Amino acid sequence: MEEVQVKEHINQIISGDTREYSILVEQYKGMVYSICFKIIGNQELAEEAAQDTFVKAFKSLNKFRGNSKFSTWLYQIAYFTSINAARKGKKESVDLQEVYLSENKNELETDERKVLLHQAINQLKPEEKAIITLYYLKELSLEEVAVVARLSLSNVKVKVHRIKKKLGSILENMLNEEIKELKYE
Amino acid sequence: MNNNLDKDLQEAINEESSSQELSSNFTFKVMDKVEQIDLKREIKKSPLVNWVSGLIFTLFGILITLILLLGERGGSIAINIDFTTLQDRSFVKTFMLVPIIVLVVGIFVFADTLLRKRNKGI
């Protein structure tokens, strides 16, 4: 959907035609949910966060000035909503993630590196997980990531570098633990 | 090592899983919440306008009553300020009008600001 069309829909919604909002929800729900799910790591909580994102966006629709793309503005709301949701439901989320991983063990065993990486990502703080997720999402450019996370470009790069370093050491620890376990077996 | 991590992270983050499917009634749920907000807004704005206009009218009534009561007998509302009668009790009565008028003007400004804010919100 072109930005001009999006603005037309927004104007109609602001002038009272609430039903027009469903068009925007339909258009962006996939990406918003994807961001929420990747940050939170739990289907139920992510769907709730995605719903909250759209409700919050609706409430502040008259504050949207159009300085950035509507999608970027929406992803920014999704980003911060997800971080908050991840903070609140961190324990539950991690537990469910573990259940999810164990349920799909056979499928994931084919690529152990991926499993380890997922586990390592889940050990990051919600803010760290959020920024690394946005950074590696194919759909977002580096400039968009900076706008969504309310950071400068250089700040994004520095943070990503630090998180990658942290991930590296988490992975190293995990591998050492596995080696130890293998030695004792 | 770094390049491998980059590649793996990109793959891990962008891979689609079955858990990434939204429930079929997602839009319906969002629109339901949105319509509830809209209704709440409608309910919120009506009593606010009534309350403010009610307050303004009440204060007007009180002001007019006070002016009539404080004014000279016979219903005249002309105010004579005589500085030679500073010790007189009528001086206090006459000057009672000043804070009342200031209060009314203040309330007008406050009510106006409230209404403007509410209109912006809508």
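Residues numbered from 1 in each chain as written. Chains lettered and ligands numbered in written order. Predicted model: local features only at pLDDT ≥ 70, side-chain atom pairs only at ≥ 80, totals over all residues. Heavy atoms only, no water.

1. Some details on helix α4 (residues 70–88) of chain A
Line of reasoning, step 1. Taking 1.5 Å per residue, 19 residues should reach 27 Å; α4(A) reaches 27 Å between its end C-alpha atoms and fits that length.
Line of reasoning, step 2. α4(A) sits mainly inside the fold: 14 of its 19 residues count as buried. (Helix = DSSP H or I, 4+ residues; strand = E, 2+ residues; numbered from the N terminus. Expected span 1.5 Å × (residues − 1). Buried < 20%, exposed > 50% of the residue type's maximum accessible area, 1.4 Å probe, protein only.)

2. Focus on helix α3 (residues 43–59) of chain A
Residues and elements named next belong to chain A.
Line of reasoning, step 1. Between its first and last C-alpha atoms α3 spans 24 Å; for 17 residues at 1.5 Å apiece the expected length is 24 Å, and the two agree.
Line of reasoning, step 2. Within α3 the residues assigned to the buried category are Leu45, Ala46, Glu47, Ala49, Ala50, Gln51, Thr53, Phe54, Val55, Ala57 and Phe58.
Line of reasoning, step 3. Two or three places before Glu44, at the opening of α3, Asn42 has a side-chain oxygen 3.3 Å from that residue's backbone nitrogen. (Polar contact = N/O pair within 3.5 Å; in protein donor to acceptor, adjacent residues only side chain to side chain.)

3. With respect to the interface of chain B and chain A
Think of interface size as the accessible area that goes away when the parts come together; that is how it is often given.
Line of reasoning, step 1. At the interface, 31 residues of chain B touch 37 residues of chain A.
Line of reasoning, step 2. Around 3400 Å² of area is buried between chain B and chain A when both sides are counted, 61% of it from carbon and sulfur atoms.
Line of reasoning, step 3. On the surface where chain B and chain A come into contact, there are three salt bridges.
Line of reasoning, step 4. Taking the shortest distance from any N to any O, the salt bridge between Asp6(B) and Lys164(A) comes out at 3.1 Å.
Line of reasoning, step 5. Where chain B packs against chain A, one counts eight residue pairs in polar contact (both at pLDDT 80 or more).
Line of reasoning, step 6. Within the residue set of the side of chain B that touches chain A, elements represented by two or more residues are α1 (2–14), α2 (26–70) and α4 (97–121) of chain B.
Line of reasoning, step 7. Counting residues per element, the side of chain B that touches chain A draws most heavily on α2(B), at 11 residues. (Contact = heavy atoms within 4.5 Å. Buried area = accessible area lost by both parts, 1.4 Å probe. Salt bridge = Lys/Arg side-chain N within 4 Å of Asp/Glu carboxyl O.)

4. So, the packing of α3(A) against α4(A)
All names here are of chain A.
Line of reasoning, step 1. Viewed as axis vectors pointing N to C, α3 and α4 meet at an angle of 130°, and their least axial separation amounts to 9 Å. What the angle tells us is that α3 and α4 run oblique. For α3 against α4, the interelement crossing comes out right-handed. Here Ala49, Asp52, Thr53, Phe54, Lys56 and Ala57 of α3 lie close against α4, whose contacting residues are Trp73, Leu74, Ile77, Ala78, Thr81, Ser82 and Ala85. (Axes fitted to C-alpha atoms, helices over the stretch in contact; angles between N-to-C directions. Parallel < 35°, antiparallel > 145°, perpendicular 65-115°, else oblique. Left-handed = near helix turned anticlockwise from the far one by under 90°.)

5. Some words on empty space enclosed by the protein
Residue and element names in this part refer to chain B.
Line of reasoning, step 1. What the rule picks out here adds up to two cavities of 30 Å³ or more.
Line of reasoning, step 2. Reported here for the second largest cavity is a volume of approximately 40 Å³.
Line of reasoning, step 3. Mapped by element, the contributors of at least two residues to the lining of the second largest cavity are α2 and α4.
Line of reasoning, step 4. Considering only residue class, the lining of the second largest cavity consists of six nonpolar, no polar and no charged. (1 Å grid on protein atoms, 1.4 Å probe; cavity = no way out; pocket = protein on both sides within 12 Å on 5 of 7 lines; lining within 4 Å. Points joined across faces, edges and corners; volume = space filled by probe spheres on them. Nonpolar A, V, L, I, M, F, W, Y, C, P; charged D, E, K, R; others polar.)

Shape is all these values report; function is a separate question.
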